[in-house]
Amino acid sequence: QVQLVESGGGLVQAGGSLRLSCATSGGIFKPNRWSWHRQAPGKQRDVVAYITDGGTTAYADSVKGRFTISRDNAKNRVYLQMNSLKPEDTAVYYCKVNLRGSDYWGQGTQVTVSA
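My aim in this report is to walk through the structure given alongside it, one point at a time. Bear in mind that the values here come from a model prediction, so they are computed numbers and not experimental data. (Residues numbered from 1 in each chain as written. Predicted model: local features only at pLDDT ≥ 70, side-chain atom pairs only at ≥ 80, totals over all residues. Heavy atoms only, no water.)

### Things to note about the environment of His-37
Structurally, His-37 can be placed in strand E4 (residues 33–39). His-37 has contacts with Arg-45, Asp-46, Val-47, Val-48, Val-92, Tyr-93, Tyr-94, Lys-96 and Trp-105, leaving out every residue within four places of it along the chain. Side-chain polar atoms of His-37 contact the side chain of Ser-35, separated by 2.8 Å. (Helix = DSSP H or I, 4+ residues; strand = E, 2+ residues; numbered from the N terminus. Contact = heavy atoms within 4.5 Å. Polar contact = N/O pair within 3.5 Å; in protein donor to acceptor, adjacent residues only side chain to side chain.)

### Focus on the pattern of salt bridges
Evaluated as defined, the whole model comprises four salt bridges. Arg-66 is the partner of Asp-89 in a salt bridge, and the nearest nitrogen-oxygen pair spans 2.8 Å. On the criterion of sequence distance, the pair formed by Asp-89 in the loop between strand E8 (77–82) and strand E9 (91–99) and Arg-66 in the loop between strand E6 (57–59) and strand E7 (67–72) is long-range, its members being 23 residues apart. Of the two residues examined, Asp-89 and Arg-66, each falls in the buried class. Of the charged contacts, one joins Asp-103 and Lys-96 as a salt bridge, the two residues approaching to 3.8 Å between their closest N and O atoms. (Salt bridge = Lys/Arg side-chain N within 4 Å of Asp/Glu carboxyl O. Buried < 20%, exposed > 50% of the residue type's maximum accessible area, 1.4 Å probe, protein only.)

### Some remarks on the state of the cysteines
In this structure the tally under the stated criterion is one disulfide. Note on cysteine connectivity: Cys-22 is disulfide-linked to Cys-95, with sulfurs 2.1 Å apart. Between Cys-22 and Cys-95 the disulfide shows an S-S torsion of about -85 degrees. By sign, it is left-handed. With Cys-22 in strand E3 (residues 18–25) and Cys-95 in strand E9, the pair connects residues that are 73 residues apart, well separated along the chain. Summarising the burial analysis for this pair, Cys-22 and Cys-95 share the class buried. (Disulfide = S-S within 2.5 Å.)

### Quick look at the packing of aromatic side chains
Counted under the stated rule, the structure contains one aromatic pair. Measuring from centroid to centroid gives 6.5 Å for Tyr-94 and Trp-105, while their planes differ by 80 degrees, and the two rings are edge-to-face. Separated by 11 residues along the polypeptide, Tyr-94 in strand E9 and Trp-105 in strand E10 (residues 102–105) bring together distant segments of the chain. For Trp-105, a relative accessible area of 35% puts it in the partly exposed group. Over the aromatic face of Tyr-79 sits the side chain of Arg-19, whose NZ or CZ is 4.0 Å from the ring centroid. (Phe/Tyr/Trp six-rings, centres within 6.5 Å; stacked < 30°, edge-to-face > 60°. Lys NZ or Arg CZ within 6 Å of the ring centre and 35° of its normal.)

### Regarding the pairing of E9
Extensive coverage of E9 is indicated by the burial of eight of its nine residues. By the bridge criterion, seven bridges tie E4 to E9 in an arrangement that is antiparallel. Paired with Trp-34 across the two strands is Val-97, which belongs to E9. Pairing of E9 with E10, which is carried by four bridges, proceeds in the antiparallel orientation. Following the sheet pairing, Lys-96 is matched in E10 by Trp-105. Taken together, E9 and the strand that follows it, E10, pair antiparallel across an intervening segment of two residues, in which Arg-100 is found at a positive phi of about 55 degrees. (Pairing = 2+ DSSP bridges.)

Structure, rendered in structure tokens:
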């Protein structure tokens, strides 16, 4: 059974950094795609970044140059390095994997950026 657990969220001052981690359990596998999404209060859930099994990455315009997605295939983990954080980055961040054509979601981790 595919299970995802996000960690690394917290409270940080504007301009600071956080590194989010998404760990899988239930065996070793290689997803077709890893992605990070976020949902701010009262807003829709938006994709932040993704990385494919071939290593292709893409980012939302709002985070380009500040966030970096990476993966560790051997450990079945994906990371989101977030630098130069802004208050508008405040949201619950969710990890998603696509495996064999199916999507699996984590429960989310809160990121709060204060001025």
